[in-house]
Amino acid sequence: MDAEDGGIAPQMHFSGASAEGVRAAGAVARRLVHLDLKGAPPSVPYLLQLLPWLARQGATGLLLEWEDMLPFTGRLSCVSAPDAYSAEEVAAILSTARRLGLEVVPLVQTIGHLEFLLKHEQFAEFREDKDNWMDLCPLAMGATELIRELVAQVIELHTESAADAAARGAVPRGGDDDMASEGGAAGGAGAPGDVGALRYVHLGADEVFGFGGCAKCAGAIARDGAPALFLNHVISSGVAECASRGLTPIVWHDMVGTYTPEQLQPLRRVGAEVMVWSYVPRVDDALPDGLWERLGAAGMRVWGASAYKGASVPTAVWVPTARHIANHASWMTDVAPHVPLQGMCLTGWTRFNHTAALCEVLPAGIPSLALCLDVVMQGGVSDVSQLRLKRDLGVTASLESVAQSSADGSAVLVLDFPGAEAYAALAALEILQGYQRRIADNVGLMCPPHTMRRNVPLWRQLAAAACDVALRGEEMRPRLRSALGAVLLPRGVQEVLDCKLGVLCDEMRRVVRDLETLLTVEAAKATVAAAAGLPLPPDAMVAAEAVTGSAVEAAVDMPGTTLAGAVAMNTGLTSVSPVLRAEGEELMGDAVMEAGAGYRGDEAEVAASASIMSPGSPSAASSVAASSIAMSDSIGGAGSSGSAIVGASADVSAAAWFAPIDVASGTAAPMIGSASVATMKADPSSISSASNGMTVVTPMAMTSAALSDEE
């Protein structure tokens, strides 16, 4: 096909391939929305609510990656997840999609990404590497039959009975919109053009990282070449099962994208089609050179695959919508006008593989999906259309406004799409994650062991900020549980709570504990120096080794002048690491030497340091209170064993303000500056205390304008 025939650039030769999917201005007629069900799968009621909305937004079909969420039978029954959809639920989802005119394409992996199958010991013999669940060995005895059985069960769950088709009133769609008229196997499973009839099966076959790893496969590659081994397996297993049922197979491009046109011929002869995926802002940046030319010369039918979520950060909560819009714009302007795409698949990943962490869950990506569908329908970005759509969805405001919005009209900002409440709750979680990242960055920049310089006031600020984030995280837990529970199955809800919110709170508690230990050591050093009549230089080296132990009663009298002794007696830490002991003694020796040599430092800073950390001084109580961040039982939960050092009044004695308190026992009222934990629970925004004339900046006072590139 030349440029005059179909607008194909001369260097992109696609002889024999239909330009069925190409429309004016690069728009693509077939638009599949990918639902990745291997991570935080949605509930059936939510799916049934979502499907009509997808149809209204311009989707023409679904690519359903079920993985372990189907009700497999026989020897494959162990593959089904405990909360897998029942056969009746699968039928309800499929019948709703067909009634809405949404074509369904199931995706089932056939060689790589088979963790959901190969993790089971009864299938261990089929692994390419016995210690790796990802990849199937194509030469393992019975591997072909296993994959055919897997594909067959998926197909059977998607095959509509004649009675169901009649009840649905299915009729062929004729004319130019008949998408099965170009021949091949498409349409063979039912009436031509009837989107209710299963016509395609996506066989995956991407990212087979361990391909050729076993001795048998390595020998076959050495003898016949990698393309022969790979295509022989794909064709004899999944493709063969599709062919026996008159269905068209689709495979991802990445394993075959470097094959020559001659090496691709076996795939073309069996009617397989290739789906090219690229999720970056400039599509061709992620594709091998010459890909389009090779596929065109081989006569392959080609699909495009973009991403509306889940293709940026593997552990993300929030969707970088601007990046995804740019990806779709590139597909429409850089590829679609020149390549006869059979259609576009808008992918939305929830995990990068079966055992990986969750990335963005489905409701977080719904606005991005709507905006990306609009780009595909428009053939590029229309500013007018995008603005109208954002207003309709209710996502024109800042991230903070979204987090405070509602779908029921109880807030000023109203979101209008399925899963809006979950979207707003996830926005609040993303804001907290932004604060967590900023605190972690500052700890890495300004705290030991990353620096040997002291910045005690900043350490107190960071501790207070981390405590604030942990408290707010626990406060949002009920809201997040409720909002996600309305759209996701319970297992997915719990994973978000544990692995995203829980990890955030745990990390902030760890930062608080580490900084509390650091500040306690600083207090002990200052106490020892004061007892010896030695001012401690503000920029002295900090002993950064962690100290561990359990709370004990503090002694009133200090046993000596070593740092180790001060820490052991005055902080209630019964064990001090040898490294800390050595560093502490060295530090004290240095301080004595500097004092004897007539040390002259910044007198104001030395005086401030002595004032801040000297026991019994008016500022000592507030200083130690601010530095000793106490975790209440609402943060620490059952089994919390942290201890805190509490200051109660300006004239408190050294023994009293060094006394360790077991927070979990509730025997004291821990303080952060002037705000007690009880006050913080009632009003977390109150955590902003004056300590030695300096205001502790809480996370909520930090700007979050840069947290999302969407707004």
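Worth saying up front: this structure is predicted, and the values here are computed from it rather than measured.

Trainee: Teacher, can you tell me more about the overall build of the protein here?
Mentor: Along the backbone of the protein there are 24 helices and 16 strands. Expressed as a percentage of the 711 residues in the protein, the buried residues total 56%. For the protein, the proportion of contacts with a sequence separation of at least 24, taken over those separated by at least 6, is 74%.

Trainee: Would you take a moment to explain the pattern of salt bridges for this structure?
Mentor: Any two side chains of opposite charge can pair if their charged atoms end up close together. One pass over the structure, following the stated rule, counts 23 salt bridges. Note that Glu-121 and Arg-127 form a salt bridge whose closest N and O atoms lie 3.4 Å from each other. Because the salt bridges share partners, they merge into one network encompassing Arg-148, Glu-156, Glu-241 and Arg-245.

Trainee: What is the right way to look at the packing of aromatic side chains in this model?
Mentor: The way to describe two aromatic rings as a pair is by their centre distance and the angle between their planes. Within the structure shown, the criterion is met by 10 aromatic pairs. Aromatic pair Trp-66 and Tyr-85: ring centres 6.0 Å apart, planes at 80 degrees, arrangement edge-to-face. In this pair, Trp-66 is assigned in the loop between strand S2 (61-65) and helix H3 (87-99) and Tyr-85 in the loop between S2 and H3, connecting sequence segments 19 residues apart. Accessibility assignment for this pair places Trp-66 and Tyr-85 in one class, buried. A centroid spacing of 6.5 Å and a plane angle of 40 degrees characterise the contact between Phe-123 and Phe-126, whose relative ring orientation is tilted. As far as the burial class goes, Phe-123 and Phe-126 line up, both buried.

Trainee: Help me understand the confidence of the model for the protein in this model?
Mentor: As a general rule, the predicted coordinates of low-pLDDT regions are not to be interpreted in detail. Chain-level pLDDT for the protein is 74 on average; 65% of the residues reach the 70-or-more range. Confidence drops under pLDDT 50 across residues 170-193; counting only partners more than four residues distant or on other chains, this segment forms 40 contacts.

Trainee: Help me understand helix H11 (residues 321-335) in this model?
Mentor: Helical geometry: 3.6 residues make up each α-helical turn, so side chains three or four residues apart lie on a common side. For H11, which comprises 15 residues, the first-to-last C-alpha distance of 20 Å matches the rise-based estimate of 21 Å (1.5 Å per residue) to within 8%. Within the sequence span of H11, burial applies to Thr-321, His-324, Ile-325, Asn-327, His-328, Ala-329, Ser-330, Trp-331, Met-332 and Val-335. Taken together, the buried residues of H11 touch strand S8 (273-277), helix H10 (291-298), strand S9 (302-309), strand S10 (341-348), helix H12 (366-378) and helix H13 (383-393).

Trainee: Hey, could you run me through empty space enclosed by the protein in this one?
Mentor: If you roll a probe as big as a water molecule over the atoms, it shows you where there is empty space left. Under the counting rule described, the total for this entry stands at 3 cavities of 30 Å³ or more. Of the pockets and cavities examined, the largest cavity occupies roughly 70 Å³. Lining the largest cavity are Glu-65, Trp-66, Glu-67, Leu-70, Phe-72, Leu-107, Val-108, Gln-109, Phe-116 and Val-154. By volume, the second largest cavity is sized at about 40 Å³. Looking at the second largest cavity, the residues that line it are His-34, Leu-35, Asp-36, Gly-39, Ala-40, Pro-42, Tyr-308, Lys-309, Gly-348, Thr-350 and Leu-362. Put simply, the parts of the chain that give the lining of the second largest cavity at least two residues each are strand S1 (31-36) and S9. Across the lining of the second largest cavity, the residue classes tally to 5 nonpolar, 4 polar and 2 charged.

Trainee: I tried to follow the packing of helix H15 (residues 420-446) against helix H16 (residues 456-485) on my own but got confused; where do I start?
Mentor: In a pair of packed helices, the angle between the axes and the distance between the axes together describe the arrangement. It is the contact of H15 with H16, at a shortest axis distance of 10 Å, that shows an interaxial angle of 160 degrees. One finds that H15 runs roughly antiparallel with respect to H16. Considering the relative orientation of H15 and H16, their crossing is left-handed. Classifying every residue of the contact of H15 with H16 gives 21 nonpolar, 2 polar and 3 charged.

Trainee: Looking at this structure, how should I read the pairing of S9?
Mentor: Looking down a regular strand, the side chains alternate between one sheet face and the other. S9 sits mainly inside the fold: 8 of its 8 residues count as buried. Direction of pairing for S8 relative to S9: parallel, over a ladder of 4 bridges. Bridge pairing links Val-274 to Val-302 in S9. In the sheet, S9 pairs with S10 via 6 bridges, with the strands oriented parallel. Paired with Ala-307 across the two strands is Thr-347, which belongs to S10. Considered for its hand, the β-α-β crossover made up of S9, H11 and S10 is right-handed.

Trainee: Would you mind going over the state of the cysteines with me for this structure?
Mentor: Under the criterion given, the structure shown has 0 disulfides. A disulfide-free cysteine, Cys-217 has its sulfur positioned 3.5 Å from the sulfur of Cys-214, the nearest such atom. On the basis of relative accessibility, which here comes to 0%, the residue Cys-217 falls in the buried class.

Trainee: In this structure, what is going on with the side chain of Arg-98? I would like to understand it.
Mentor: Among the structural elements, Arg-98 can be located in helix H3. In terms of polar contacts, Arg-98 uses its side chain to reach the backbone carbonyl oxygen of His-158, at 2.4 Å.

Trainee: Where do I start with unusual backbone geometry in this structure?
Mentor: Excluding glycine, most residues fall at negative phi; most peptide bonds, likewise, are trans. Pro-448 connects to Pro-449 through a cis peptide bond whose omega is 5 degrees. Backbone geometry places Ala-205, a non-glycine residue, at a positive phi of 70 degrees. For Ala-205, the location among the structural elements is in the loop between strand S6 (200-202) and helix H7 (215-224). Given the relative accessible area of 1%, Ala-205 is considered buried. Even without glycine at this site, Glu-207 takes up a positive phi of about 45 degrees. Note that Glu-207 resides in the loop between S6 and H7.

Trainee: In this structure, what is going on with the packing of H15 against helix H17 (residues 490-531)? I would like to understand it.
Mentor: The contact between H15 and H17 brings their axes to 11 Å, and the two run at 30 degrees. In terms of their interaxial angle, H15 and H17 are classed as roughly parallel. Every pair of crossing elements has a handedness; the one defined by H15 and H17 is left-handed. Across the interface between the two elements, Leu-429, Leu-432, Gln-433, Gln-436, Ile-439 and Val-443 from H15 touch Lys-500, Leu-501, Leu-504, Glu-507, Met-508 and Val-511 from H17. Taken together, the residues of the contact of H15 with H17 break down into 8 nonpolar, 2 polar and 2 charged.

Trainee: I would appreciate a short explanation of the environment of Val-234 in the present structure.
Mentor: As for its placement among the helices and strands, Val-234 is situated in helix H8 (residues 226-243). Sequence-wise, Val-234 and Pro-249 are 15 residues apart; in three dimensions their C-alpha atoms are separated by 10.0 Å. Among all residues touching Val-234, those that are not within four sequence positions of it are Ala-205, Val-239 and Val-251.

Trainee: I keep staring at the pairing of strand S5 (residues 132-136) and nothing clicks. Help me out?
Mentor: Pairing of strand S4 (residues 127-129) with S5 involves 2 bridges; the strand directions are antiparallel. Along S5, the bridge assignment pairs Arg-127 with Leu-136. Counted along the chain from S4 to the antiparallel partner S5, the turn is 2 residues long.

Basis of the calculations
- Residues numbered from 1 in each chain as written.
- Predicted model: local features only at pLDDT ≥ 70, side-chain atom pairs only at ≥ 80, totals over all residues.
- Heavy atoms only, no water.
- Helix = DSSP H or I, 4+ residues; strand = E, 2+ residues; numbered from the N terminus.
- Buried < 20%, exposed > 50% of the residue type's maximum accessible area, 1.4 Å probe, protein only.
- Contact = heavy atoms within 4.5 Å.
- Salt bridge = Lys/Arg side-chain N within 4 Å of Asp/Glu carboxyl O.
- Phe/Tyr/Trp six-rings, centres within 6.5 Å; stacked < 30°, edge-to-face > 60°.
- pLDDT = per-residue confidence, 0-100.
- Expected span 1.5 Å × (residues − 1).
- 1 Å grid on protein atoms, 1.4 Å probe; cavity = no way out; pocket = protein on both sides within 12 Å on 5 of 7 lines; lining within 4 Å.
- Points joined across faces, edges and corners; volume = space filled by probe spheres on them.
- Nonpolar A, V, L, I, M, F, W, Y, C, P; charged D, E, K, R; others polar.
- Axes fitted to C-alpha atoms, helices over the stretch in contact; angles between N-to-C directions.
- Parallel < 35°, antiparallel > 145°, perpendicular 65-115°, else oblique.
- Left-handed = near helix turned anticlockwise from the far one by under 90°.
- Pairing = 2+ DSSP bridges.
- Right-handed = clockwise from strand over helix to strand, strands pointing away.
- Disulfide = S-S within 2.5 Å.
- Polar contact = N/O pair within 3.5 Å; in protein donor to acceptor, adjacent residues only side chain to side chain.

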